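# Descriptive structure summary
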Amino acid sequence: MGKARLHSIHVHPVKAFRSLPLREVAVEPWGPAGDRRWMLIDDEGRVVTQRRHPRLALAVAELLPGGGVRLSAPGAGAVTARVPAPGRTLPVVLFGDKVEAVPAQDDAVHAWCSAHLGVPVRLVHLDDPATRRPVDPEFALPGETVSFADGYPLLLTTTASLESLNSLIARGEHRAEGPLPMNRFRPNVVIEGTGPWEEDRWTRVTIGEVPFRVAKPSGRCVVTTTDQHTARRGKEPLHSLAARRRPDGRLVFGQNLVPLSPGTIRVGDRVEAG
């Protein structure tokens, strides 16, 4: 573990859009700065993700100064969403959590998102991540909050575990789908220099000078079978992850992290864990 380093950093300015690589990022109590502060909702206020709409993988959100985003996609023009002024919020539903969010103020933004997916959707912003959404109390400490991420402030994966998983895929019936890139798992931080699956035993991680606690393993769903560049779906990695199925039946890859203090992490930072 002595040579473990931070291999890459990724944020997702709009939940379910394509990831954005960074060289460094400020870690806030609720996650990396700029990560998943925006998301799409349907007419009933429910989150819209790649689970039902794989075309979201083709949409790109670039971070703008002040927290706004510039949205683009192949074959479409671009549109800019500025952080909405404080004001009316509306209730949204994110995997069972009821959260207050602020709709984007420009109708052209909602229209662009709806045109890209071919269904009516709206773009909303998380105005106050310090208070709006607590981490699952079963795995949280008092006062911990999270953005529009699935459930925890950061997701960690390792290059060694991906290499091991790709070896499983190469020996399986869907070998033509491999090797898979790391973007299938949509992590925030990717660590190199560890042993395969070593992260499954960690309870604490320090990246550079920023400490984290490991909340729980990351359960995996159909999104991992979605090619993030074409939006087409296959069978892997879920088919091969089944070979490592947990006793409770879950398919897991990576670990969910909660920051213990804020700070900045950078590609190349030393990583200590145990």
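Attention in this report is confined to the structure presented alongside it. For every chain, the first residue of the written sequence is number 1, and numbering continues from 1 along that sequence. The predicted nature of this model means local features are confined to residues of pLDDT at least 70 and side-chain atom pairs, given and counted, to a pLDDT of 80 or more, with totals for whole chains, interfaces and linings taken over all residues. Excluded from the side-chain calculation are hydrogens and water; included are all heavy atoms of the structure.

## Re the overall build of the protein chain
Note the cut-off: Numbered from the N terminus, helices here are DSSP runs of H or I no shorter than four residues, and strands are runs of E no shorter than two. The reference for a compact globule is 2.2 Å times residues^0.38; the radius of gyration itself is calculated from the C-alpha atoms. In this scheme, a residue with accessible area under 20% of its type's maximum is buried, one over 50% is exposed, and one in between is partly exposed, where area comes from a 1.4 Å probe on protein chains only.
Looking only at helices and strands, the protein chain has 3 helices and 19 strands in total. The C-alpha atoms of the protein chain give 18 Å as radius of gyration, which agrees with the globular expectation for 274 residues (19 Å, within 12%). With the C-alpha coordinates of the protein chain rotated into their principal frame, the extents come out at 50 × 40 × 35 Å. A total of 274 residues make up the protein chain; the buried ones form 51% of that total.

## Re the sheet that holds strand E3 (residues 24-28)
Operational definition: The criterion for strand pairing is that DSSP finds at least two bridges linking the strands in question.
Ordered in space as E4-E3-E18, the 3 strands form an open sheet in which the pairing is antiparallel. Strands at the two margins of the open sheet, each flanked by one partner only, are strand E4 (31-32) and strand E18 (263-266). Of the pairings in the sheet, the one linking E3 to E18 comprises 4 bridges and is antiparallel in character. Directly across from Val-25, in E18, lies its bridge partner Ile-265.

## A look at the layout of surface pockets
Put simply, the rule is: Here the term cavity refers to a set of points on a 1 Å grid, laid over the protein atoms alone, in which a 1.4 Å probe fits but cannot get out; the term pocket refers to an open set having protein on both sides within 12 Å along at least five of seven lines, with lining residues being those that place an atom within 4 Å of a point. Grid points are joined across faces, edges and corners, and a volume is the space filled by probe spheres set on the points.
There is about 760 Å³ of room inside the largest pocket. If you go around the largest pocket, you meet 36 residues; those closest to its centre are Arg-51, Phe-95, Ala-149, Asp-150 and Gly-151. Residue assignment for the lining of the largest pocket shows that the elements contributing at least two residues are strand E11 (97-103), strand E13 (154-158) and strand E16 (210-219). Ranked by the residues each element gives to the lining of the largest pocket, the list is headed by E16, at 4 residues.

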